[in-house]
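Each chain, letter by letter, is given below.
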Amino acid sequence: MLGWAITFFVLALIAAVLGFGGLVGTLAGIAKFFVFLFLVLFVVSLIFGRSVPTTV
């Protein structure tokens, strides 16, 4: 998930350098969405993650 966010961020930077204004906003919005989704899923996995059973 974080990889997709970084990919869209890099694409947005390349589009900004090349002067594609509308495309930059779209790609940056997608990158923000993926970062937010990654953070939400990360927090959920911390809260509801599997506990490792301990055997004695």
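Up top is the structure.
First things first, this report covers the structure right here in the doc. (Residues numbered from 1 in each chain as written. Predicted model: local features only at pLDDT ≥ 70, side-chain atom pairs only at ≥ 80, totals over all residues. Heavy atoms only, no water.)

All right, on to the nonpolar core then. Core analysis: the biggest nonpolar cluster contains seven residues, these being Ala5, Phe8, Ala12, Ala15, Leu27, Ala31 and Phe34. Breaking this core down by element, the ones donating at least two residues are helix H1 (2-18) and helix H2 (21-48). Ranked by the residues each element gives to this core, the list is headed by H1, at four residues. The contact partners of Ala5, leaving out residues within four places of it in the chain, are Ala31, Phe34 and Val35. (Core = buried A, V, L, I, M, F, W, Y, C linked by side-chain atoms within 4.5 Å. Buried < 20%, exposed > 50% of the residue type's maximum accessible area, 1.4 Å probe, protein only. Helix = DSSP H or I, 4+ residues; strand = E, 2+ residues; numbered from the N terminus. Contact = heavy atoms within 4.5 Å.)

Closest axis-to-axis distance for the H1/H2 pair is 8 Å, and the angle between their directions is 160°. On the basis of the axis angle, H1 is roughly antiparallel to H2. Between H1 and H2 the crossing geometry is left-handed. Two secondary-structure elements touch here, H1 through Leu2, Trp4, Ala5, Phe8, Phe9, Leu11, Ala12, Ala15 and Ala16 and H2 through Leu23, Val24, Leu27, Ala28, Ile30, Ala31, Phe34, Val35 and Phe38. (Axes fitted to C-alpha atoms, helices over the stretch in contact; angles between N-to-C directions. Parallel < 35°, antiparallel > 145°, perpendicular 65-115°, else oblique. Left-handed = near helix turned anticlockwise from the far one by under 90°.)

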